[in-house]
Amino acid sequence: MSMLGRCYLDPGDRLSGRRTPPERVTVLQQWRGTSRQHPPAERPAWLHWHHQPKSGPRNVLVRRPSGAAEVIPSPRRLRRPPEGTPHA
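Residues numbered from 1 in each chain as written. Predicted model: local features only at pLDDT ≥ 70, side-chain atom pairs only at ≥ 80, totals over all residues. Heavy atoms only, no water.

Before going further, it helps to examine the nonpolar core. Formed by Met3, Tyr8, Val25, Val27, Val60, Val62, Ile72 and Leu78, the largest nonpolar core amounts to eight residues. Listing elements by their share of this core, those giving two or more residues are β2 (17-30) and β3 (59-63). Other than its neighbours up to four places away in sequence, Val62 contacts Val25, Thr26, Val27, Leu28, Ala68, Ala69, Glu70, Ile72 and Leu78. (Core = buried A, V, L, I, M, F, W, Y, C linked by side-chain atoms within 4.5 Å. Buried < 20%, exposed > 50% of the residue type's maximum accessible area, 1.4 Å probe, protein only. Helix = DSSP H or I, 4+ residues; strand = E, 2+ residues; numbered from the N terminus. Contact = heavy atoms within 4.5 Å.)

Okay, here's the thing in structure tokens:
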């Protein structure tokens, strides 16, 4: 299921500062890990791993109401808005 174009609430964090109330953001682009449908990029022949490296955090590019774009870690920060709230 794609997150692209959906609205989420961003409560902020310790580094960027808490937002009360949470700010509504729109997802523009999401980082996608490797899978059968999306295999990893080709590696140089000299590079040998003993095991496949684990995928990193899932990051998304969001647009804030001010028009600014920012990359944030989605699973730890973005929250779904309550049911019945109007979409921006």
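So, next bit.
The next thing to look at is unusual backbone geometry. Here the residue pair Thr20 and Pro21 is connected by a cis peptide bond, since its omega of 0 degrees sits within 30 degrees of zero. The residue Pro21 is located in strand β2 in this model.

This paragraph deals with the side chain of Thr26. Here Thr26 lies in strand β2. In this structure Thr26 comes out as buried when scored by relative accessible area, which is 19%. Thr26 has contacts with Gly5, Arg6, Cys7, Leu61, Val62 and Arg63, leaving out every residue within four places of it along the chain.

Here the focus is the pairing of strand β1 (residues 7-13). Summarising burial for β1: six of the seven residues are buried, a large majority. Of the strand pairs in this sheet, β1 and β2 are connected by six bridges, and their pairing is antiparallel. Bridge assignment links Tyr8 to a residue of β2, and that residue is Val25. Linking β1 to β2, which pair antiparallel, is a turn of three residues. (Pairing = 2+ DSSP bridges.)

Attention now moves to the side chain of Asp10. On the secondary structure map, Asp10 appears in strand β1. Residue classification places Asp10 among the buried positions, given a relative accessible area of 0%. Among the polar contacts made by the side chain of Asp10, one reaches the main-chain amide nitrogen of Gly12 at a distance of 3.0 Å. In terms of polar contacts, Asp10 uses its side chain to reach the side chain of Arg19, at 3.5 Å. With sequence-adjacent residues up to four places away left out, Asp10 is seen in contact with Arg19, Pro22, Glu23, Val25, Arg64, Ile72, Arg77 and Leu78. (Polar contact = N/O pair within 3.5 Å; in protein donor to acceptor, adjacent residues only side chain to side chain.)

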